Amino acid sequence: MHTISSKKARQDFTIVSEDVTYREQRYVVTKNGRESFAIVPLIDLRLLEEIERQQDIAAAKTGRKEIKKHGTTSWKEMEKRSGMKTMPQIF
C-alpha cells in the first residue's frame, strides 16, 4: 500500500490510476498530512460491498429472531415510553 498526498495524486493521476487498475496497488491519500481517503482496485471495493451485504443479512436474521422472541412495539407505545412526541407532519 502506498501513501500519497492529494497534491501528488492529482499531479500523478495517470500513474496512480494505472497502478490501481493494472497492478492492483492501493493508495491512501493524505490531506494536510492526515489520511483522508483511499484509491483501491475495483475488486477490493466489490469485496468490501459483499462483506457489508453479508453483515446486513446477519443483522436482519438477528432482528427476525428478536422479533420472534420478543414481538414488536408500536410507534405510539415507543412515544409513551420515551415521553417524546413525533414531529408534526409537514407534507
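Our structure is the block above this text.
The rules behind the values
Residues numbered from 1 in each chain as written. Predicted model: local features only at pLDDT ≥ 70, side-chain atom pairs only at ≥ 80, totals over all residues. Heavy atoms only, no water. Helix = DSSP H or I, 4+ residues; strand = E, 2+ residues; numbered from the N terminus. Salt bridge = Lys/Arg side-chain N within 4 Å of Asp/Glu carboxyl O. Buried < 20%, exposed > 50% of the residue type's maximum accessible area, 1.4 Å probe, protein only.

Engineer: Residues and numbers for unusual backbone geometry, please.
Structural biologist: Its identity is not glycine, yet Glu24 carries a phi of approximately 50°, on the positive side. Mapped onto the elements, Glu24 comes out in the loop between helix H2 (13–23) and strand S2 (27–31). A positive phi angle, close to 55°, is found at Asn32, a residue other than glycine. Examined against the element boundaries, Asn32 turns out to sit in the loop between S2 and strand S3 (34–39).

Engineer: For the pattern of salt bridges, give the residues involved together with the corresponding values.
Structural biologist: Side chains that carry opposite charge are capable of pairing whenever their charged atoms lie near each other. Taken as a whole, this structure holds six salt bridges when the rule is applied. The partner of Glu49 in a salt bridge is Arg46, with the nearest N and O atoms 3.5 Å apart. One end of the pair is Glu49 and the other is Arg46, both in helix H3 (residues 42–70) and three residues apart, which spans about a single turn. We classify Arg46 as partly exposed; its relative accessible area is 48%. The residue Glu50 makes a salt bridge to Arg53 at a minimum N-O spacing of 3.0 Å. Separated by three residues within a single helix, Glu50 and Arg53 lie in helix H3, roughly one turn from each other.

Coordinates in, geometry out; function isn't part of it.
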